[in-house]
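Residues per chain, in single letters:
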Amino acid sequence: MIPTLSWTPEGVRFIDQTRLPLEESYVVATTYEQVADVIVTMVVRGAPAIGVSAAYGVALGAQHSESESAERFAPEFDKICARLAGTRPTAVNLFWAIDRMKKLFADLRSKGASMAEVKERILAEAHAMYDEDIAACKTMGAFGGALLPDEGGVLTHCNAGALATCGYGTALGVIRSAVEQGKQIHVYADETRPFLQGARLTAWELTADGIPTTVICDNMAASLMRAGKIKAVVVGADRIAANGDFANKIGTYNVAILAKEHGIPFYCAAPWSTIDMETSTGDAIPIEERNQVEVTHHGGKQLTPHGVGICNPAFDVTPAKYVSAIITERGVLRAPYAESLREMEMAAQ
């Protein structure tokens, strides 16, 4: 599998996704501050990968601490968590991972744990999240692969593959599983302006796997759907609200509307850690506004006039009414999502 991120004796090693597809290089973050920078600059990206990266960031912070006990480490721990939590606001996996670390640390602190135990347990928890993410992707891939057509075109937007997770992928995991089941899938990858995750990352992943892939400009989807070339759409998510609305890369909402108009099934694939039952609807999901340079410049060259206004939201929200199914490692959910999500949440407790 593509080594999106890994723990090494030196620090956390990330494939630099800003340099793909033409250059495969790696960045090693040796401090939690560097992990935070890697997340902000999108060297690593994708909600599941961001969550595990943050967990490893907390582990790095603990490893470098000179505190002698959990009690003395507490103020430093809070600072580490706050820094990592401030990196990207939309991906709920980030906060899920940090909250999981907070619960573990609170338990260790209440028991008067030594710093050696704190370091060991926090790193073990991060490793567990890493393994759980890969397992979840493969399980949801099996569930979702069964939903895709036996042959034909499948459209995806952004990159929800191995590069967005610890391995295998969510939406691309569904596609990979369908191919493993013998289905003849041809992927159409939206380029995904302005950061081009589809053109750069999805195309790179799938080509490496030998899965037939065609990159299209974001404004070509409707034409291909009308021509009958798209049989299904599958995308990932950065946060799914309790009613089934979900945030994903900007442009996903457009694709959902087009799929509905053309009678094409539209699937969202994400691990359960992406579901935010505390957020009632998509209207309450915070949307990250990114640097204007991502729109004004490409390859270091300015494309827009000086002084022009720029809007660069990283995500949009797709209402649940456009979603044919939500695919998770716990199973496939159908509308009404407020009920199916709640039932699945209760069943797992």
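Residues numbered from 1 in each chain as written. Predicted model: local features only at pLDDT ≥ 70, side-chain atom pairs only at ≥ 80, totals over all residues. Heavy atoms only, no water.

- Named according to an unreviewed UniProt entry, the protein chain is Methylthioribose-1-phosphate isomerase originating from Occallatibacter riparius.
- Under Sequence similarities (unreviewed entry), UniProt gives the following word-for-word description of the protein chain: "Belongs to the EIF-2B alpha/beta/delta subunits family. MtnA subfamily."
- As recorded by UniProt, the Pathway (unreviewed entry) comment attached to the protein chain reads in full: "Amino-acid biosynthesis; L-methionine biosynthesis via salvage pathway; L-methionine from S-methyl-5-thio-alpha-D-ribose 1-phosphate: step 1/6." (UniProt positions renumbered as here; feature names shortened; annotations may be inferred.)

1. A few points about helix α6 (residues 171–180)
1) Next: Buried residues dominate α6, accounting for 8 of its 10 residues.
2) Next: Among all positions of α6, only A171, L172, G173, V174, I175, R176, S177 and A178 are buried.
3) Next: Note on α6: the residue one or two positions beyond its end, G182, has a positive phi of about 95 degrees. (Buried < 20%, exposed > 50% of the residue type's maximum accessible area, 1.4 Å probe, protein only. Helix = DSSP H or I, 4+ residues; strand = E, 2+ residues; numbered from the N terminus.)

2. Focus on the sheet that holds strand β9 (residues 246–249)
1) Next: An order of β11-β8-β9-β14 is seen for the 4 strands of this open sheet, with the pairing classed as mixed. Both edges of this open sheet fall to β11 (275–276) and β14 (315–318), since each of them pairs with a single strand only.
2) Next: In terms of strand pairing, strand β8 (residues 239–241) meets β9 through 2 bridges, oriented antiparallel. Across the sheet, the residue bridging to I240 is F246, located in β9. (Pairing = 2+ DSSP bridges.)

3. Observations regarding the UniProt feature "active site" (unreviewed entry) in the protein chain
1) Next: The UniProt record marks D238 with the feature "active site" (unreviewed entry), using the residue numbering of this structure.
2) Next: Among the secondary structure elements, D238 is positioned in the loop between β7 (230–235) and β8.
3) Next: For D238, a relative accessible area of 9% puts it in the buried group.
4) Next: Not counting residues within four places of it along the chain, the set of residues in contact with D238 comprises A47, T90, A91, V92, N93, A247, N248, T274 and F315. (Contact = heavy atoms within 4.5 Å.)

4. Comments concerning helix α9 (residues 252–261)
1) Next: Every buried residue of α9 is listed here: T252, V255, A256 and A259. Within α9, the buried residues cover an arc of 100 degrees as seen down the axis, which keeps them to one side. (Arc of directions from axis to C-beta.)

5. Thoughts on the nonpolar core
1) Next: One finds L5, F14, V118 and I122 to be the most contacted residues of the largest nonpolar core, which totals 47 residues.
2) Next: Those elements giving two or more residues to this core turn out to be β2 (12–15), α1 (32–40), α2 (47–64), α3 (70–85), α4 (92–110) and α5 (115–145).
3) Next: Per element, the largest residue contribution to this core is 11 residues, and it comes from α2.
4) Next: The residues touching I122, leaving out its near neighbours within four places in the chain, are V58, A59, A62, F77, M101 and L104. (Core = buried A, V, L, I, M, F, W, Y, C linked by side-chain atoms within 4.5 Å.)

6. Quick notes on the pattern of salt bridges
1) Next: Applying the stated rule across the entire model yields 16 salt bridges.
2) Next: In this structure, R88 engages E288 in a salt bridge whose closest nitrogen and oxygen atoms are separated by 2.9 Å. Residue R88 is located in the loop between α3 and α4, and its partner E288 is located in the loop between β11 and α10 (293–296); the two are separated by 200 residues in the primary sequence.
3) Next: With a relative accessible area of 4%, R88 lands in the buried category. (Salt bridge = Lys/Arg side-chain N within 4 Å of Asp/Glu carboxyl O.)

7. Section: the packing of α2 against α4
1) Next: Two elements in contact, α2 and α4, have axes whose closest approach is 7 Å; the angle formed by their N-to-C orientations is 30 degrees. In terms of orientation, α2 lies roughly parallel with respect to α4. When you trace α2 past α4, the crossing you get is right-handed. Of the residues in α4, those in contact with A47, P48, I50, G51, A54, A55 and V58 of α2 are N93, L94, A97, I98 and M101.
2) Next: In terms of residue class, the contact of α2 with α4 is built from 10 nonpolar, 2 polar and no charged. (Axes fitted to C-alpha atoms, helices over the stretch in contact; angles between N-to-C directions. Parallel < 35°, antiparallel > 145°, perpendicular 65-115°, else oblique. Left-handed = near helix turned anticlockwise from the far one by under 90°. Nonpolar A, V, L, I, M, F, W, Y, C, P; charged D, E, K, R; others polar.)

8. Brief notes about the UniProt feature "binding site: substrate" (unreviewed entry) in the protein chain
1) Next: In this structure's numbering, the residues bearing the UniProt feature "binding site: substrate" (unreviewed entry) are R45, G46, A47, R88, Q197, N248 and K249.
2) Next: Residue position: R45 is located in the loop between α1 and α2.
3) Next: On the basis of relative accessible area, R45 is assigned to the buried category, the value being 3%.
4) Next: Only 2.8 Å separates the side chain of R45 from the side chain of Q17, close enough to count as a polar contact.
5) Next: By the element assignment, Q197 lies in helix α7 (residues 197–208).
6) Next: The residues touching Q197, leaving out its near neighbours within four places in the chain, are M42, R45, C158, N159, E191, T192, T202 and K249. (Polar contact = N/O pair within 3.5 Å; in protein donor to acceptor, adjacent residues only side chain to side chain.)

9. Looking at the sheet that holds strand β16 (residues 331–333)
1) Next: If you walk across this open sheet you meet the 7 strands as β6-β5-β4-β7-β10-β15-β16, and the pairing is mixed. The strands lining the two open edges of the sheet, one partner per strand, are β6 (213–216) and β16. The mean angle between the axes of side-by-side strands here comes to 25 degrees, regardless of whether they run parallel or antiparallel.
2) Next: Where strand β15 (residues 325–328) and β16 come together, 3 bridges link them in antiparallel fashion. In the strand pairing of β16, T328 is matched with G331.
3) Next: Its contacts with the sheet place α5 against β10 (266–269), β15 and β16, and it is angled at close to 145 degrees to β15.
4) Next: Helix-sheet contacts for α9 involve β4 (151–156), β5 (184–190), β7 and β10, and the interaxial angle to β10 is about 145 degrees.

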